Amino acid sequence: MATNNLGPVLSAFERRPESLISLLQAVQESLGYLPPDALGTVARHARVPRSRVYGVASFYSQFRFNPVGRQRVAVCRGTACHVGGARFILEQLERTLGIPEGQTTEDMEYSLETVACIGCCGLAPCISVNDEVSAKLTPKKVRKQFKQARK
Amino acid sequence: MTAGFEQLRQAAEEQWDRLTASDTPVITVGTATCGRSAGALDTLDVLRGELAGRDLEVRFVEVGCLGPCYAEPLVTVSLPGAATVCFASVDLKGARKIAAYVAGGELPEDLALATTGPDSIPGIPDLMDTPVMKGQVRRVLRNCGVVDPGDIGHSLARGAYSGLQRAIELEGDARIAELERSGLRGRGGAGFPVSRKWNFCIDAPGDTRYVICNADEGDPGAFMNRSLLEGDPHAVLEGMIIAGLTIGAAEGFIYCRAEYPLALERLAVAIEQAEQAGFLGPDALGPGRPFRIKVKEGAGAFVCGEETALIASLEGRRGMPRPRPPFPAVSGLWGCPTVINNVETLASVALIFQHGADWYAEYGTARSKGTKTFALVGNVKRPGLVEVPLGTTLREMIFDIGGGISSGHQFKAVQTGGPSGGCLPEDKLDIPVDYESLQEAGTIMGSGGIVVMDERTCMVDFARYFLDFAADESCGECGPCRLGTRQLLRILEDITQGKGSASDMELLEGLSHNVMRGSLCGLGQTAPNPVLTTLRYFRDEYVAHIESRTCPALACRDFIAFEIDEEMCNGCTACAVLCPVDGITGDRDHLHEINAAVCIKCGVCSDTCSFGAVETVSARP
Ligand SMILES: Cc1cc2nc3c(=O)[nH]c(=O)nc-3n(C[C@H](O)[C@H](O)[C@H](O)COP(=O)(O)O)c2cc1C
């Protein structure tokens, strides 16, 4: 969807400053990220200056200013996952996908990120791929899961 | 409304009785996030598929999380005329066995965890007699893993909204009196008495008031609120409506973190059903007295769990805290008096009005009443969500309910209270878990995360982990937190990388106290707790890193090396093939060797070796 077609997405929300975060979430949901001109569109809709839109968007870690891969791989860095060896999972993913944390593969298939806590601590360590959680991981399992996909 | 409620409840009870005493088989599958991550949806598919072809009517019910995460996916089967059996760790093969049982085959006893109904089966314990459940008192969690959170009828049949009916019948003052008698204290962290908070709000001048449910659950390692929202959303809604009734609000907001998509989905369904039933809407609190609830999704900022930051976020701003007073009870959302409570607090409010304050206060200690849910995780045999009376000891939780430390390892430390809490050693395990005792020991109750560690966790690295988190999540508004957490992090990084110096421990202590004293909100005021408690109870580990340049846990990379054991290595080449830096040499069927000069200590070799031949050894940086 192009930025200039955001009308229907925005019109679900009241044209007030307090809609700002919900608006940004809705735009990101439909475009995958927040391109610069979308920020202007949101500013006009919420009736706030563009600077405020950027200020809010940059404060929250959910918002992205660059396109992401079709599969968003998020490694949980919660405490139970940390104790269970999350850093080995992250490093294995960096090697298998060939990108460092925070980046997207060139073919736009995978993005690799970390997330504060998925809340599956009883089954640590875990990751989520587009909101679907895989649990009780080891570097070996991760390598297998993504190696097949990378072929 | 009251007559209408009786009708609704009766209909729901009949529906529930038909389900529980059904003459068709009923299969319940726990499909909360934890169940799903263990494969519950695949298990459900197989069960459905296997039973579809047969001439057999089967009812499937999807429920929330029963608590024992280690045993997911959990499947409960109730056959007419037979005891209800709960099966654990049901993978696809297990699902086929269970399907065969439902179709008239044999009971797969190896998968049976317990029976859950009144009937028993020799050799299989009742669920509440199993070690994991025995010490627990399931009150807040009574419906989790039992009811279908997508069907308000299930909750109604088990008492939901009867507390609201009672609250409506009570006089205004009697509601607060009930809460006061229950002794309920906030479950989000600080433990502030709920009756007092609500009273402040009632006394504050203003025409418009709000109720906010704090469902941000930001503490890493905690998932009590997620389970409750996914498994029994109506309990939380009922608590909010009672709050609205008591303080005189017509609108409530649930601020739920975006990382909980399933909880958000279940909440939306629950709100819609509560609206249809009239518990929310124009006459929710009585004729012409509306109450509505809106859900707002968080956007990934830990500090937004802090109440004033949460309110700023709800108002569409950057989630930065502001100085208190004024407290939100006096000046909250849009400057209006606002009650803000945690998910579990509100669910407990519903319980108190359903069963009475005296019933609620049966459990607990003199100053900490009732039960509390905890996320028991880390290196324990049986991680999961547990609920115990306040005053239960950490030892009982970790060793009786949690089954002790994962096999082959020893207990080292337990962390309570998330990033704001602290780590306790073995000799503190007998203190009762209540607000005051934990505080005396240097940690806090917090929201209920309990992370257990064995000898493989380095306590200096663990403190570093939390400071990394705090520095990352510090909103940047006040200097002591923004700069102080970063500085603490740097010192801890130095120590874990072999660059620590003799004065570092004193520096950490001094800086910690200053950050605590100078920070604007709870984030900075408590962020040094993991540093101070590890310094207090595990000082020898700091000394080892700084003075003898060793990491006793063999966890910090700069203090370790990998070596291949001559006896154990059979030359299978698996490690050499996978080594990302080609740092392992050796011919097939011959001893392999690691080239220390190129080794990046990623641990792939030791993870890969099926023969346990790769050892981690101490090495000076
Ligand atoms: C940095 C920080 C994060 C917090 N995060 C949460 C949270 O995730 N959930 C919560 O209920 N309370 C959280 N709190 C506590 C809230 O500020 C507030 O005390 C609580 O919501 C009050 O509810 P209660 O009295 O029912 O516990 C946090 C506090 C601080 C300082």
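Because the structure is a prediction, the values reported are computed rather than measured.

Notes on the overall build of chain A
- Secondary structure summary: chain A contains seven helices and four strands in total.
- Helices and strands in chain A line up, N terminus first, as α-α-α-α-β-α-α-β-β-β-α.
- Overall, the C-alpha framework of chain A stretches about 50 × 30 × 25 Å when taken along its three principal axes.
- Put simply, chain A has 151 residues, and 56% of those count as buried.
- Long-range contacts, defined as pairs at least 24 residues apart, comprise 60% of the intrachain contacts of chain A with a sequence gap of at least 6.

Some points on the pattern of salt bridges
- Inspection of every chain in the model, using the stated rule, returns 29 salt bridges over all chains.
- Here glutamate 91 of chain A and arginine 557 of chain B are joined by a salt bridge, their closest N and O atoms 2.8 Å apart. One end of the pair, glutamate 91 of chain A, is in helix α6 (residues 86-97); the other, arginine 557 of chain B, is in the loop between α23 (539-548) and β15 (560-564), on a second chain. Each member of the pair, glutamate 91 of chain A as well as arginine 557 of chain B, carries the same accessibility label: buried.
- Among the salt bridges present, the one from glutamate 259 of chain B reaches arginine 257 of chain B, with a minimum N-O distance of 3.5 Å.
- Through salt bridges that share partners, Arg166, Glu178, Arg181 and Asp358 of chain B make up one connected network.

A few points about unusual backbone geometry
- A cis geometry characterises the amide bond from arginine 324 of chain B onward to proline 325 of chain B, with omega recorded as -5 degrees.
- Assignment of secondary structure puts proline 325 of chain B in the loop between α13 (307-314) and β9 (338-342).
- The omega torsion of the bond from proline 325 of chain B to proline 326 of chain B falls at 0 degrees, within 30 degrees of zero and hence cis.
- With respect to the helices, strands and loops of the structure, proline 326 of chain B is situated in the loop between α13 and β9.
- One non-glycine residue, asparagine 130 of chain A, adopts positive backbone phi at about 45 degrees.
- Relative to the helices and strands, asparagine 130 of chain A resides in the loop between β3 (127-129) and β4 (132-134).
- Asparagine 130 of chain A sits in the partly exposed class, given a relative accessible area of 37%.

Remarks on the domain arrangement of chain A
- Each domain of chain A was delimited in the assignment, giving domain 1 (3-59) and domain 2 (71-150).
- Spacing between the C-alpha centres of domain 1 of chain A and domain 2 of chain A amounts to 29 Å.

A word on the interface of chain A and chain B
- Facing the 44 residues of chain A at the interface are 61 residues of chain B.
- Across the chain A to chain B interface the summed buried area is about 3800 Å²; carbon plus sulfur atoms make up 54%.
- If you look at where chain A meets chain B, you find three salt bridges.
- In this structure, arginine 77 of chain A and aspartate 472 of chain B form a salt bridge, with 3.3 Å as the shortest nitrogen-oxygen distance.
- At the junction of chain A with chain B, the criterion picks out 20 residue pairs in polar contact (both at pLDDT 80 or more).
- Mapped by element, the contributors of at least two residues to the side of chain A that touches chain B are α2 (20-31), α4 (50-59), α5 (79-83), α6, β4 and α7 (139-150) of chain A.
- The class makeup of the residues in the side of chain A that touches chain B is 20 nonpolar, 14 polar and 10 charged.

Some remarks on the side chain of glutamate 178 of chain B
Residues and elements named next belong to chain B.
- Relative to the helices and strands, glutamate 178 is located in helix α8 (residues 172-182).
- Given the relative accessible area of 6%, glutamate 178 is considered buried.
- A distance of 3.1 Å separates polar atoms of two side chains, one belonging to glutamate 178 and the other to arginine 181.
- With near-sequence residues (within four places) excluded, glutamate 178 lies in contact with Arg166, Ile352, Phe353, Gly356 and Ala357.

Here's the deal with the environment of leucine 535 of chain B
Residues and elements named next belong to chain B.
- With respect to the element layout, leucine 535 can be found in helix α22 (residues 529-537).
- With 241 residues separating them along the chain, leucine 535 and lysine 294 place their C-alpha atoms 44 Å apart.
- When neighbours within four sequence positions are excluded, leucine 535 is seen to be in contact with Met505, Leu508, Glu509 and Tyr542.

Description of the state of the cysteines
Residue and element names in this part refer to chain B.
- Applying the stated rule across the entire model yields zero disulfides over all chains.
- As a non-bridged cysteine, cysteine 201 has cysteine 336 as the owner of its nearest cysteine sulfur, 9.7 Å distant.
- A relative accessible area of 0% places cysteine 201 in the buried class.
- A disulfide-free cysteine, cysteine 551 has its sulfur positioned 3.8 Å from the sulfur of cysteine 458, the nearest such atom.

With respect to the nonpolar core
- Counting residues in hydrophobic clusters, the biggest one holds 133 residues, and the most contacted among them are Tyr161, Trp198 and Ile398 of chain B.
- It is helix α11 (residues 233-247) of chain B that contributes the most residues to this core, nine residues altogether.
- Dropping the residues within four chain positions of it, tryptophan 198 of chain B is found in contact with Ile176, Leu179, Gly239, Ile242, Ala243, Thr246, Ile247, Val339, Asn341, Leu346 and Val349 of chain B.
- Ranked by size, the runner-up nonpolar core spans 70 residues in total, among them Leu6 and Val9 of chain A together with Ile340 and Tyr542 of chain B.

Here we look at the domain arrangement of chain B
- Examined at the domain level, chain B breaks down into domain 1 (20-126), domain 2 (152-358), domain 3 (371-454), domain 4 (459-548) and domain 5 (557-618).
- Once you take the C-alpha centre of each, domain 1 of chain B and domain 5 of chain B turn out to be 43 Å apart.

So, the sheet that holds strand β6 (residues 210-215) of chain B
Residues and elements named next belong to chain B.
- The sheet built from four strands is open, its strands ordered β8-β7-β6-β9 with parallel pairing. The open sheet terminates on both sides in strands that have one partner only, identified here as β8 (292-297) and β9. Neighbour-to-neighbour, the strand axes of the sheet open up by a mean angle of 20 degrees, direction not taken into account.
- With six bridges connecting them, strand β7 (residues 251-256) and β8 associate as parallel partners. Across the sheet, cysteine 256 pairs through a bridge with glutamate 297, a residue of β8.

Rules used throughout
- Residues numbered from 1 in each chain as written.
- Chains lettered and ligands numbered in written order.
- Predicted model: local features only at pLDDT ≥ 70, side-chain atom pairs only at ≥ 80, totals over all residues.
- Heavy atoms only, no water.
- Helix = DSSP H or I, 4+ residues; strand = E, 2+ residues; numbered from the N terminus.
- Buried < 20%, exposed > 50% of the residue type's maximum accessible area, 1.4 Å probe, protein only.
- Contact = heavy atoms within 4.5 Å.
- Salt bridge = Lys/Arg side-chain N within 4 Å of Asp/Glu carboxyl O.
- Domains from an automatic or database assignment.
- Buried area = accessible area lost by both parts, 1.4 Å probe.
- Polar contact = N/O pair within 3.5 Å; in protein donor to acceptor, adjacent residues only side chain to side chain.
- Nonpolar A, V, L, I, M, F, W, Y, C, P; charged D, E, K, R; others polar.
- Disulfide = S-S within 2.5 Å.
- Core = buried A, V, L, I, M, F, W, Y, C linked by side-chain atoms within 4.5 Å.
- Pairing = 2+ DSSP bridges.
- Axes fitted to C-alpha atoms, helices over the stretch in contact; angles between N-to-C directions.

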